[in-house]
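Spelled out, the chains give:
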Amino acid sequence: SKVRIYTLAKELNLENARMLEILDGLGVSYKSVSSTIEEDTVELIKQIVAEEGTGSGDEVTQAPAAAPADAPDTAKGDAAPQASQPAAPAAAQPAAQAQAPASATATQGRDDVVSDASKAEIPHRAPVVTIMGHVDHGKTSLLDYIRKTKVAAKEAGGITQHVGAFEAQTSKGRIVFIDTPGHEAFTTIRARGANVADIAIIVIAADDSLMPQTREAIAHAQAAKVPMIIAINKMDLPQANPDKVKTDLTQLNLVPEEYGGDLIVVPVSAKTGEGVEDLLEYISLNAELEDLRADPKGTFAGVVIEGRVDKQSGVLATVMVQEGTLHVGDFLVVGENYGKIKAMTDSAGGRIKEAGPSTPVQILGFSEVPTSGEKVSSAKNEHAARDLIATRASDRRDTENAQVQRKLTLEEMMGPLSTVRTVNLILRADTQGSVEAIQGILARKESEDIKINVMLAGIGAPTEGDVLLAGTAEATILCFSVTAPGSVNKIAENKGVDIKSFRIIYELIDEVDRLMKGNIEPVF
Ligand code: GDP
């Protein structure tokens, strides 16, 4: 009978990446690790593995509780060295292809910071996961369940504070969760040019199916090119209807793998815990395919997850380490401010002296509260930190001056010639009917040279989240029979995002025409 790839990998004690290498070598096509393979192929693979003797055995190693920064990497094992073991006569194909399987799946990773050549030498890092979805669909409950069951308890009496992220220890290694559910936090971070999450979990309640904020969350994940896993929550309810959720998803061109697509859909209950283990396993699988790596010895790079003022301690900031390692005593620069790390705690509240990649750490030592999404870099000493800030300040002034003085070139006015251009839109209307009517007309307007990309089409007034999304994607927000609240207009003004409202569909369409033309001819 047919067998799923990851099931077979588990049975044979192989890394999934290695399993996909073998499949590639055999010329077997698959969509993802959850695709099924034929019995004949299964037999063939078993033979190859028996000959190679490459079963790894370290896949289920439990990461030590309160893991130091580099624990998950050793716990998780490393596909590349394993594949290139000299003892293995590699029956199928050349080694070190850990990259290839990722591109064969639907998941699209974020841009990697390292080049392929050096990649295999850089250790794996734990995935960073964000949870998004409609209000009341169970994001907080799911995070709470994972935190309760997967976070190693610290010394008695230690109260875990919300610091914006936490680390879960799973049988497959460490997974880091961003602890502020919802796409606003996600997009705020992204709006500053940082990408923190590697994987987005979209929570959809089984009794409610797709709701406006579900579509928003999906649009945000897609805009960031972050792979998605769907968690159908509240499966314990008698009225749970996971099939409806799956069918509704296909209407957004998101096809669950059991319907022949690539989308991983996991039924769960945050109440009973059903399926949560599977969800964690899928996260690890996905991380493995994405081949996430970061160099603990490299130059430090991090992002602020959140900052706050504590009455007793002063300014506290949670920073996600992305590259390199932080040490107590290091000098950090955020924007045009710097600070020296006086103390660091891990997300469970334990004091630590250093922190490596994919570790959220709470830092004491900043003088100003940094904003979430701000990039953090380190400096050798106070002098270097001041120098860096001085350079940044003068760069900023130069840019500001340049923006005032700069004359547009012809190409800038005309746009680059003969390439396909895209008009990004966010559509907001009063009813589903209007949304569909407008989308229908827009679909017919597209031409070979100009694409219309409706990033998000929703019912109701535009939200702050829409503005943030529009800001990062340079989209225009078009409203039909709805208007933006004053607060949203204000943010749009600050961010330079256009929100335009119409009461007549054809006026809205005229505006789209102008936007399309605007991409070709300057309007004087
Ligand atoms: P959020 O707004 O997405 O963070 O949703 P919450 O986690 O606050 O959950 C909203 C409501 O749904 C709460 O009353 C939860 O107790 C309930 N809830 C969440 N997950 C489940 C579940 O798996 N099963 C059931 N029966 N209720 C759930």
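Computed from a prediction, not measured in an experiment: that's the story for all the values here.

> What is the right way to look at the overall build of the protein in this model?
A tally of regular secondary structure across the protein gives 18 helices and 22 strands. The proportion of buried residues among the 524 residues of the protein is 50%. At a minimum sequence separation of 6, the contacts of the protein that also span at least 24 residues come to 74%.

> Help me understand the layout of surface pockets in this model?
Rolled over the atoms, a probe sized like a water molecule indicates the empty space that remains. In this structure, the largest pocket spans a volume of roughly 970 Å³. L252, Q439, V454, M455 and L456 are, among the 33 residues lining the largest pocket, the residues nearest its centre. Those elements that place two or more of their residues in the lining of the largest pocket are α10 (212-223), β19 (421-429), α15 (432-445), β20 (450-459) and α16 (464-473). The element best represented in the lining of the largest pocket is β20, accounting for 8 residues.

> Is there a simple way to explain the pairing of strand β7 (residues 228-233) in this structure?
Two faces make up the sheet, and in a regular strand the side chains alternate between them. Among the 6 residues that make up β7, 6 are buried, leaving the element largely enclosed by the rest of the structure. Residues M228, I230 and I232 point to one face of β7 and I229, A231 and N233 to the other, with burial holding for every one of them. Bridge analysis of strand β6 (residues 199-205) against β7 gives 6 bridges, and the strand direction is parallel. Considered in β7, the bridge of A205 is made with N233. Note that the unit made of β6, α10 and β7 has a crossover that is right-handed. What joins β7 to strand β8 (residues 264-267) is helix α11 (residues 242-250), and the crossover it makes is right-handed.

> I keep staring at the site of the ligand and nothing clicks. Help me out?
If you check the shell around the ligand, you find 15 residues, and the closest are D136, K139, T140, S141 and D236. Contact distances for the ligand include 2.5 Å between an oxygen atom and a side-chain N or O atom of T140. Here an oxygen atom of the ligand and a backbone polar atom of A270 are 2.9 Å apart. Relative to its unbound accessible area of 580 Å², the ligand is 71% covered by the protein chains. Considering each element in turn, the shell around the ligand owes the most residues, 3 residues, to helix α8 (residues 139-150). Taken together, the residues of the shell around the ligand break down into 3 nonpolar, 7 polar and 5 charged.

> Is there a simple way to explain the packing of α16 against helix α17 (residues 486-495) in this structure?
Axes are the key here: two packed helices are described by the angle between their axes and the distance separating the axes. Contact geometry of α16 with α17 gives a least axis separation of 9 Å together with a crossing angle of 15°. Taken as axis vectors, α16 and α17 run roughly parallel relative to one another. As α16 packs across α17, the resulting crossing turns out to be right-handed. Contacts from E464, V467 and L468 of α16 reach α17 at V488, I491, A492 and K495. Here the residues of the contact of α16 with α17 sort into 5 nonpolar, no polar and 2 charged.

> Teacher, can you tell me more about the packing of aromatic side chains here?
When we look at a pair of aromatic rings, we describe it by the centre distance and by the angle of the planes. Tallying each qualifying case throughout the model produces 3 aromatic pairs. Plain terms: the ring middles of Y6 and Y282 are 5.5 Å apart, the flat faces sit at 75° to each other, and that makes the pair edge-to-face. With Y6 in helix α1 (residues 5-11) and Y282 in helix α12 (residues 276-290), this pair connects stretches of sequence that are 276 residues apart. Judged by centre distance (6.4 Å) and plane angle (45°), the rings of F331 and Y338 are tilted. Overall, the relative accessible area of 11% leaves F331 in the buried class.

> Help me out: how do you make sense of the packing of helix α2 (residues 16-26) against helix α3 (residues 39-52) in this one?
Two elements in contact, α2 and α3, have axes separated by 11 Å at closest approach and are oriented at 115°. On the basis of the axis angle, α2 is roughly perpendicular to α3. Of the two possible hands of crossing, α2 and α3 adopt the one that is right-handed. Of the residues in α3, those touching α2 at R18, M19, I22, L23 and L26 are T41, L44, I45, I48, V49 and E52.

> How should I be thinking about the pattern of salt bridges in this particular structure?
Overall, the coordinates contain 19 salt bridges when judged by the stated rule. Close ionic contact of K10 with E281 constitutes a salt bridge, the shortest N to O distance being 3.1 Å. On the criterion of sequence distance, the pair formed by K10 in helix α1 and E281 in helix α12 is long-range, its members being 271 residues apart. For K10, a relative accessible area of 46% gives the class partly exposed. Classification of E281 as buried rests on a relative accessible area of 18%. Its salt-bridge partner being E11, residue K46 comes within 3.4 Å of it at the nearest N-O pair. Note that K46 is positioned in helix α3 and E11 in helix α1, a separation of 35 residues in sequence. The exposure class of K46 is partly exposed, given its relative accessible area of 29%. Residue classification places E11 among the exposed residues on the basis of a relative accessible area of 51%.

> So what exactly am I meant to see when it comes to the sheet that holds β19 here?
Strand pairing in a sheet relies on backbone hydrogen bonds, with the paired strands running either antiparallel or parallel. One open sheet holds the 4 strands; their spatial order is β20-β19-β21-β22, and the pairing between them is parallel. On the outer flanks of this sheet lie β20 and β22 (499-502), each paired with one strand and no other. Going from strand to strand, the sheet's axes swing by 25° on average, the running direction of each strand aside. Across the sheet, α15 touches β19, β20 and β21 (476-480), and the angle it forms with β20 is around 175°.

> Would you take a moment to explain the side chain of E374 for this structure?
Among the structural elements, E374 can be located in the loop between β17 (359-364) and β18 (375-379). Reaching out from E374, the side chain makes a polar contact with the backbone nitrogen of T371 at a distance of 2.7 Å. Residues contacting E374, with those up to four places away along its chain left out, are R192, G302, V303, V304, V334 and G335.

Definitions and cut-offs
- Residues numbered from 1 in each chain as written.
- Predicted model: local features only at pLDDT ≥ 70, side-chain atom pairs only at ≥ 80, totals over all residues.
- Heavy atoms only, no water.
- Helix = DSSP H or I, 4+ residues; strand = E, 2+ residues; numbered from the N terminus.
- Buried < 20%, exposed > 50% of the residue type's maximum accessible area, 1.4 Å probe, protein only.
- Contact = heavy atoms within 4.5 Å.
- 1 Å grid on protein atoms, 1.4 Å probe; cavity = no way out; pocket = protein on both sides within 12 Å on 5 of 7 lines; lining within 4 Å.
- Points joined across faces, edges and corners; volume = space filled by probe spheres on them.
- Pairing = 2+ DSSP bridges.
- Right-handed = clockwise from strand over helix to strand, strands pointing away.
- Near = heavy atom within 4 Å.
- Polar contact = N/O pair within 3.5 Å; in protein donor to acceptor, adjacent residues only side chain to side chain.
- Areas by Shrake-Rupley, 256 points an atom, 1.4 Å probe, with all protein chains shown as cover.
- Nonpolar A, V, L, I, M, F, W, Y, C, P; charged D, E, K, R; others polar.
- Axes fitted to C-alpha atoms, helices over the stretch in contact; angles between N-to-C directions.
- Parallel < 35°, antiparallel > 145°, perpendicular 65-115°, else oblique.
- Left-handed = near helix turned anticlockwise from the far one by under 90°.
- Phe/Tyr/Trp six-rings, centres within 6.5 Å; stacked < 30°, edge-to-face > 60°.
- Salt bridge = Lys/Arg side-chain N within 4 Å of Asp/Glu carboxyl O.

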